[in-house]
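As a plain string of letters, each chain reads:
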Amino acid sequence: LSIGQEPHYGQENNMSSIKEAAERFFDACETGGGWESCKQFCHAEATFSAQAGALEGVETLESYTEWMKGLLTPAPDGSYELRSFAVDEDRNNVTAYAIFRGTHTNDGGPVPPTGKEVEADYVYIMEFEGEQIRHMTKVWNNVVRLKQLGWM
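Nothing here was measured: the structure is a model prediction, and the numbers come from that model.

## Overview of the nonpolar core
Point 1. Grouped together as the largest cluster of nonpolar side chains are 38 residues, with contacts concentrated most on F25, L61, Y64, Y124 and M126.
Point 2. Secondary structure elements with two or more residues in this core: α1 (11-30), α2 (34-38), β1 (42-50), α3 (61-71), β3 (93-103), β4 (117-129), β5 (132-140) and α4 (142-149).
Point 3. For this core, the leading source of residues is α1, giving 8 residues.
Point 4. Setting aside chain neighbours within four positions, we find Y124 in contact with F26, C29, E30, Y64, M68, V94, T95, A96, M136, T137 and K138.

See below:
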């Protein structure tokens, strides 16, 4: 504690619980679990936002988790490498930075399988209300990555 700062009793438990919830949500989402696997970590009406054309119209976290599940159809080898994970106690959020890797080998994309690989950096900012995610923002340059796959 800094001089003059009051201790926040119980805050450590809340921070560790949102950290665990965020980690479990992240893994369930990124491995294609869809809403069925992710909903226990989220408010039922959790919202979603991204400034990425590929995600235009995706406004709920439920829709986004289903979108991620669908992404693993054309890229069944899709995987993630978690590079950073941070809890912001003052703002009650968790930020995750990862790299998604996959190869377009199956039908399901906007074009027939290209055999091309993608390596995409992205960030999730998960905002909590209590111990559940109420909003998530994805930061991702989809244009560069969709070109990498041969989808644009």
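Text resumes after the structure shown.
## Quick look at the sheet that holds β3
Strand pairing in a sheet relies on backbone hydrogen bonds. The paired strands run either parallel or antiparallel.
Point 1. Taken together, 5 strands build an open sheet; the order of strands is β1-β5-β4-β3-β2 and the sheet is mixed. Two strands bound the open sheet, and with one partner strand each, they are β1 and β2 (79-88). Looking at each pair of strands side by side, their axes are set apart by 20 degrees on average, direction ignored.
Point 2. Both β3 and β4 contribute to a ladder of 11 bridges, which runs antiparallel. The partner of T103 across the bridge, within β4, is E117.
Point 3. Against the sheet, α3 touches β1, β3, β4 and β5, its axis set at about 50 degrees to β5.
Point 4. Across the sheet, α4 is in contact with β4 and β5; its angle to β4 comes to roughly 145 degrees.

## As for the environment of K69
Point 1. Turning to its location among the elements, K69 is positioned in helix α3.
Point 2. A residue is classified by how much of its surface remains accessible, and K69, at 40% relative accessible area, is partly exposed.
Point 3. Sequence spacing of K69 and G34 is 35 residues, and the spatial spacing of their C-alpha atoms is 5.2 Å.
Point 4. Sequence-distant contacts of K69, that is, excluding residues within four places in its chain, are made with G32 and G34.

Rules behind the numbers
- Residues numbered from 1 in each chain as written.
- Predicted model: local features only at pLDDT ≥ 70, side-chain atom pairs only at ≥ 80, totals over all residues.
- Heavy atoms only, no water.
- Core = buried A, V, L, I, M, F, W, Y, C linked by side-chain atoms within 4.5 Å.
- Buried < 20%, exposed > 50% of the residue type's maximum accessible area, 1.4 Å probe, protein only.
- Helix = DSSP H or I, 4+ residues; strand = E, 2+ residues; numbered from the N terminus.
- Contact = heavy atoms within 4.5 Å.
- Pairing = 2+ DSSP bridges.
- Axes fitted to C-alpha atoms, helices over the stretch in contact; angles between N-to-C directions.

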